[in-house]
Structure formats: structure tokens, C-alpha cells
Amino acid sequence: QVQLVESGGGLVQPGGSLRLSCAASGISFSVYTMNWYRQAPGKQRELVASITRGGSTNYPESVKGRFTISRDNAKTTVYLQMDSLKPEDTAVYYCNANFRHFSEFVSDSDYWGQGTQVTVSS
């Protein structure tokens, strides 16, 4: 049974920091690309960080330089370090695990956590 459980969300002041964690179970964690998405009310879900099995990372311009994604394969956990937080970072943050089979016969694997609320406000 696949489980992705996020933790670490909460209320933080602008300019503050927060570290989110996502503990995974039921998957071969080390081979999955791990992602963090966020969704604010009335807005589309957006990718905020990605890390591949090989450790390559990617960030959109909106968070580049402020957010850092990392993974600990031994702990089957992915982290999102968020620094210099802004009010516009307020959203529910979701952990995602994705594995692309690159096959017409086998569908890709895609799993989601339940999300954790991050609120940046003074």
C-alpha cells in the first residue's frame, strides 16, 4: 500500500523558513522522481520543486533560490526547505512520487500525499 505523508507545515512570518517532509512507503523510493506541488485556493496546482532518482533538481522561477528539495533514500523521505517565505507562498503543499515507464504497455506510476498547509502571514 502506497503512502505519502507530509509534515512540517504551519504558520510562518514573511521572511521566515519552514521545512516540509514527505515520508514515503510502499514504493521503491530510490527510483522515483519526487516532487513538491502547491495549490492556493482558486488557483491551479503548480510544481515548485522536483528531484530525480539521480539527484537532479528543478525549480520554477517563482521559488528558485529560496526553496531547496532534497531526498534521503535511506529514510525514504523527501524534504522541501523553504526560506525567505512570502505571503504568495501560502498554499497547501503536496508531495508527489512519479515513475515514468516510457512504455506504451505500462502506465506511469503517480502518487500523491494529502497535503500540508503552509501559511505565510504577519
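In case you missed it, the structure is sitting above this.
On a predicted model such as this, the values are computed, not experimentally measured, just so you know.

Calculation notes
Residues numbered from 1 in each chain as written. Predicted model: local features only at pLDDT ≥ 70, side-chain atom pairs only at ≥ 80, totals over all residues. Heavy atoms only, no water. Helix = DSSP H or I, 4+ residues; strand = E, 2+ residues; numbered from the N terminus. Buried < 20%, exposed > 50% of the residue type's maximum accessible area, 1.4 Å probe, protein only. Polar contact = N/O pair within 3.5 Å; in protein donor to acceptor, adjacent residues only side chain to side chain. Contact = heavy atoms within 4.5 Å. Pairing = 2+ DSSP bridges. Axes fitted to C-alpha atoms, helices over the stretch in contact; angles between N-to-C directions.

Engineer: Summarise the side chain of S50; cite the residues concerned and give the values.
Structural biologist: With respect to the helices and strands, the residue S50 is situated in strand β5 (residues 46–51). Exposure remark for S50: the relative accessible area of 12% places this residue in the buried category. A polar contact is formed between the side chain of S50 and the side chain of N35, at a distance of 2.7 Å. Every residue in contact with S50, bar those within four places of it in the chain, is listed here: T33, M34, N35, S56, T57, N58 and I69.

Engineer: Go over the sheet that holds strand β1 (residues 3–7), please, and point to the residues and values.
Structural biologist: Read from one edge of the open sheet, 4 strands run β1-β3-β8-β7, paired in antiparallel fashion. Here the strands that pair on one side only, and so sit at the sheet edges, are β1 and β7 (67–72). When strand polarity is set aside, the average angle formed by the axes of neighbouring strands in this sheet is 15 degrees. Looking at chain direction, β1 and strand β3 (residues 18–25) are connected through 5 bridges and run antiparallel. The partner of E6 across the bridge, within β3, is C22.

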